[in-house]
Amino acid sequence: MTQTATITIQNANKNLVDAIKSLVKLAPSAHLSIKKTPKDEFYSEENIQHLKELKRLDDEGKLHFVTKTLEELEAMEK
């Protein structure tokens, strides 16, 4: 009986993918399909640096926020 399994690995690097491929090769009848998904840009190095910079500015009191009500936002939309 053939079994199908789906495994999702987030944040896998090349070394991990290579290790998994090596393991699958131990079972000659097994098949491995790897699909690359778009990188989550939130966790990108550039965004992490951007968030750190925003935190630094906020800690120094240089970052200011504006509070708007939903009605004000909707009025700005028009």
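Everything here concerns the structure above.
If you're wondering where the values come from, they're calculated on a predicted model, not measured in any experiment.

Peer 1: Can you walk me through the layout of surface pockets in this structure?
Peer 2: In this approach a probe as big as a water molecule rolls over the atoms, and the regions it shows empty are the leftover space. Volume-wise, the largest pocket comes out at about 1,400 Å³. Lining of the largest pocket is provided by 29 residues; of these, Ile7, Thr8, Ile9, Ile34 and Lys35 occupy positions nearest its centre. Of the residues in the lining of the largest pocket, the class split is twelve nonpolar, twelve polar and five charged.

Peer 1: Would you mind going over the pattern of salt bridges with me for this structure?
Peer 2: Between side chains of opposite charge, a pair can form as their charged atoms come close. Enumeration according to the criterion identifies five salt bridges in this entry. For Lys14, the salt bridge identified is with Asp18, shortest N-O distance 2.7 Å. With a gap of four residues between them, Lys14 and Asp18 both fall in helix H1 (residues 14-25), about one helical turn apart. Taking relative accessible area as the criterion, Lys14 reaches 61% and is therefore assigned exposed. Here Glu53 and Arg56 are joined by a salt bridge, their closest N and O atoms 2.5 Å apart. One end of the pair is Glu53 and the other is Arg56, both in helix H2 (residues 45-59) and three residues apart, which spans about a single turn. Linked by salt bridges that have partners in common, Glu53, Arg56, Glu60 and Lys62 make up one network.

Peer 1: Which parts of the structure should I look at to understand a negative patch on the surface?
Peer 2: A grouping of Asp40, Glu41, Glu45 and Glu46 is seen on the molecular surface, where their side chains present a negatively charged patch. In this fold, Glu41 is placed in the loop between H1 and H2.

Peer 1: What's the story with a nonpolar patch on the surface in this structure? I'm lost.
Peer 2: Taken together, the side chains of Ile7, Ile9 and Leu16 make up a nonpolar region of the molecular surface, amounting to roughly 290 Å² of accessible area. The residue Leu16 is located in helix H1 in this model. A relative accessible area of 36% means that Leu16 is categorised as partly exposed.

Peer 1: Even after reading the chapter, I still don't get the packing of aromatic side chains, so can you show me in this structure?
Peer 2: Aromatic rings considered in pairs are described by the distance between their centres and by the relative angle of their planes. Summed over all chains, the structure comprises one aromatic pair. When the centroid spacing of 5.1 Å and the interplanar angle of 85° are considered together, the rings of Phe42 and Tyr43 count as edge-to-face. The exposure class of Phe42 is partly exposed, given its relative accessible area of 46%. The exposure class of Tyr43 is exposed, given its relative accessible area of 56%.

Peer 1: I would appreciate a short explanation of the side chain of Ser44 in the present structure.
Peer 2: Inspection of the secondary structure assignment puts Ser44 in the loop between H1 and H2. By relative accessible area, Ser44 is classed as buried at 4%. In this structure the side chain of Ser44 is engaged in a polar contact, spanning 2.9 Å, whose partner is the backbone oxygen of Glu41.

Calculation notes
Residues numbered from 1 in each chain as written. Predicted model: local features only at pLDDT ≥ 70, side-chain atom pairs only at ≥ 80, totals over all residues. Heavy atoms only, no water. 1 Å grid on protein atoms, 1.4 Å probe; cavity = no way out; pocket = protein on both sides within 12 Å on 5 of 7 lines; lining within 4 Å. Points joined across faces, edges and corners; volume = space filled by probe spheres on them. Nonpolar A, V, L, I, M, F, W, Y, C, P; charged D, E, K, R; others polar. Salt bridge = Lys/Arg side-chain N within 4 Å of Asp/Glu carboxyl O. Helix = DSSP H or I, 4+ residues; strand = E, 2+ residues; numbered from the N terminus. Buried < 20%, exposed > 50% of the residue type's maximum accessible area, 1.4 Å probe, protein only. Patch = residues over 30% accessible without salt bridge, like charges linked within 9 Å, V, L, I, M, F, W, Y side chains within 5 Å. Areas by Shrake-Rupley, 256 points an atom, 1.4 Å probe, with all protein chains shown as cover. Lys, Arg positive; Asp, Glu negative; His and termini not counted. Charge placed at Lys NZ, Arg CZ, Asp CG, Glu CD. Phe/Tyr/Trp six-rings, centres within 6.5 Å; stacked < 30°, edge-to-face > 60°. Polar contact = N/O pair within 3.5 Å; in protein donor to acceptor, adjacent residues only side chain to side chain.

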